[in-house]
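# Structure assessment
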Amino acid sequence: MEWLRQAHRAADRAKSLVSQLLSFSRKQLMEMCSIELNEVVQGMEKILRDTLREDIEIRLYLAEGATSIKADPAQVEQIIMNLAVNSQDAMVKPGCLTLETKEAYLDEEYARTHVGIVPGPYVLLSVSDTGIGMNKTVQSRIFEPFFTTKEKGKGTGLGLATVYGIVKQHKGWIWVYSEPGQGTTFKIYFPLEESGGDRSVPRPPTVMEKPPPPDLLNLDSLIAVVEDEESVRELASTLIQQLGYKTLSFSTPRECLEYFNGQTERPKMLLTDVVMPEMDGRELYRRLKEGTPNLKVLFMSGYTENVIAHHGVLEHGVTFLPKPFTLTQLAEKMQEAWGKRDT
Ligand SMILES: Nc1ncnc2c1ncn2[C@@H]1O[C@H](COP(=O)(O)OP(=O)(O)OP(=O)(O)O)[C@@H](O)[C@H]1O
Ligand SMILES: [Mg+2]
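In short, a report on the structure. (Residues numbered from 1 in each chain as written. Chains lettered and ligands numbered in written order. Predicted model: local features only at pLDDT ≥ 70, side-chain atom pairs only at ≥ 80, totals over all residues. Heavy atoms only, no water.)

### Points about the overall build of the protein
A tally of regular secondary structure across the protein gives 11 helices and 12 strands. Out of the 343 residues belonging to the protein, those deemed buried represent 47%. The long-range share in the protein, meaning contacts at least 24 apart out of those at least 6 apart in sequence, stands at 73%. On the protein, roughly 17700 Å² of surface is accessible, and the fraction owed to carbon and sulfur atoms is 54%. (Helix = DSSP H or I, 4+ residues; strand = E, 2+ residues; numbered from the N terminus. Buried < 20%, exposed > 50% of the residue type's maximum accessible area, 1.4 Å probe, protein only. Contact = heavy atoms within 4.5 Å. Areas by Shrake-Rupley, 256 points an atom, 1.4 Å probe, with all protein chains shown as cover.)

### So, the sheet that holds strand β11 (residues 296-301)
Within the open sheet, the five strands sit side by side as β9-β8-β10-β11-β12. Their pairing is parallel. Of all strands in the sheet, those with a lone pairing partner are β9 (246-250) and β12 (320-322), marking the two edges. Strand-to-strand, the axes of this sheet are offset by a mean angle of 20°, without reference to chain direction. In this sheet, β11 lies alongside strand β10 (residues 269-273) in parallel orientation, the contact comprising five bridges. What sits directly across from Leu271, in β11, is Leu298. Along the sheet, helix α7 (residues 230-242) makes contact with β8 (222-226), β9 and β10, crossing β9 at roughly 170°. Packed on one face of the sheet, helix α9 (residues 281-291) meets β8, β10 and β11 and runs near 155° to β10. (Pairing = 2+ DSSP bridges. Axes fitted to C-alpha atoms, helices over the stretch in contact; angles between N-to-C directions.)

### Things to note about the pattern of salt bridges
In this structure the tally under the stated criterion is 15 salt bridges. With its nearest N and O atoms 2.9 Å apart, the salt bridge here joins Glu144 to Arg141. Given the relative accessible area of 32%, Glu144 is considered partly exposed. A relative accessible area of 38% places Arg141 in the partly exposed class. The partner of Lys333 in a salt bridge is Glu336, with the nearest N and O atoms 3.6 Å apart. Of the two residues, Lys333 and Glu336 both sit in helix α11 (residues 327-339), three residues apart, roughly one turn of that helix. In the salt-bridge network here, residues are joined through shared partners; they are Glu283, Arg286, Arg287 and Glu290. (Salt bridge = Lys/Arg side-chain N within 4 Å of Asp/Glu carboxyl O.)

### Considerations on the site of ligand 1
Around ligand 1, the surrounding shell holds 18 residues, and the nearest of these are Asn86, Thr148, Thr149, Lys150 and Thr156. At 2.4 Å from an oxygen atom of ligand 1 is found a side-chain nitrogen or oxygen belonging to Thr149. In the model, an oxygen atom of ligand 1 is placed 2.5 Å from a nitrogen or oxygen of the Thr156 side chain. Among the secondary structure elements, those contributing two or more residues to the shell around ligand 1 are α3 (73-90) and α6 (159-169). Of the residues assigned to the shell around ligand 1, the class counts are six nonpolar, 10 polar and two charged. (Near = heavy atom within 4 Å. Polar contact = N/O pair within 3.5 Å; in protein donor to acceptor, adjacent residues only side chain to side chain. Nonpolar A, V, L, I, M, F, W, Y, C, P; charged D, E, K, R; others polar.)

### Things to note about α9
By the burial criterion, the buried members of α9 are Gly281, Leu284, Tyr285, Leu288 and Lys289. For α9, the angular spread of the buried residues around the axis is 130°, confining them to a single face. In this fold, the buried residues of α9 make contact with β8, α8 (253-262), β10 and β11. By the N-cap criterion, in which a side-chain oxygen at the helix start approaches the backbone nitrogen of a residue two or three places on, α9 is capped by Asp280, the distance to Arg282 being 3.0 Å. (Arc of directions from axis to C-beta.)

### Thoughts on the sheet that holds strand β4 (residues 95-106)
Pairing is mixed across the open sheet formed by five strands, whose spatial order is β2-β4-β5-β7-β6. Each end of this open sheet is capped by a strand with a single partner; those strands are β2 (56-61) and β6 (173-178). When the angles between neighbouring strand axes are averaged without regard to direction, this sheet yields 20°. Looking at chain direction, β6 and strand β7 (residues 184-191) are connected through six bridges and run antiparallel. Bridge pairing links Val176 to Phe186 in β7.

Okay, structure coming up:
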């Protein structure tokens, strides 16, 4: 009866393809209602456990606060399923799939620099894996319909196009971070549904409203930025300069080390990417501190803090800035790093 099973499988595949095509072309009616994202994610845990290979560990880190969004729950499940299946395919060896929810605030500054974003409170859903990751060329094309790197018959290239379509219909925003060999993190921001009649949710304090303590605010301070991705490096430098500091940017840890070795007037703080090809951010900081013991550090990464901690790349307790970040978030984390005692 092998042919029957095959026919069934083909029919299933066709059915899911059709439903994906439908939601992709936005013909499917959405049933929007108020849902708790945490509940949807929790509900998916068992389904994923039953669906995914046994050598894939599933971890959940759920936000403690409200995660209310206005959404079609079936579509949110589809997002999670499509991302999880991609992650499974990327984890050719045993691996870990991490689902997280978190409160997030995208500020005016952020909206200005990212077309299509409305400033305000969001709920972040992130899906991370420990798979093979992607290079920049693949990353730039993943949301294109029919883009696939899988062999014929294995992938149609609609999974992420569908996810993208659903996210847009929810007025959300999707962001990907990946390095070859280092796994992938997708971050999806859904507008937070504000409870009650009062729609004016208090904004988190902005930089202007909450200046750093005077002794920490030494505007002559020089900050070193180390980041291999040019756009992030430039954005980080621009934001730091807007806060009033001077910056020096380096695209590799080696350049940064060389600069420190040759200078007497050294940066007071290091803002560095964590996962970089030749040397990780922690190692860079360790080496720089040998000659500059008072150097403060702020680690940034597109992977989530939980994922980074799980990899053992960073100890707990270090100041961590998740990418993508806003001016306010950067300012707050810089203050935090500044206030930390030297270790
Ligand atoms: N988590 C991931 N890790 C590594 N590469 C990924 C990941 N997710 C997506 N990709 C890459 O993006 C491509 C497009 O993904 P998408 O889900 O749109 O299509 P697909 O998985 O190839 O096919 P389909 O989902 O239609 O079966 C994949 O072929 C793969 O190269
Ligand atoms: Mg897919």
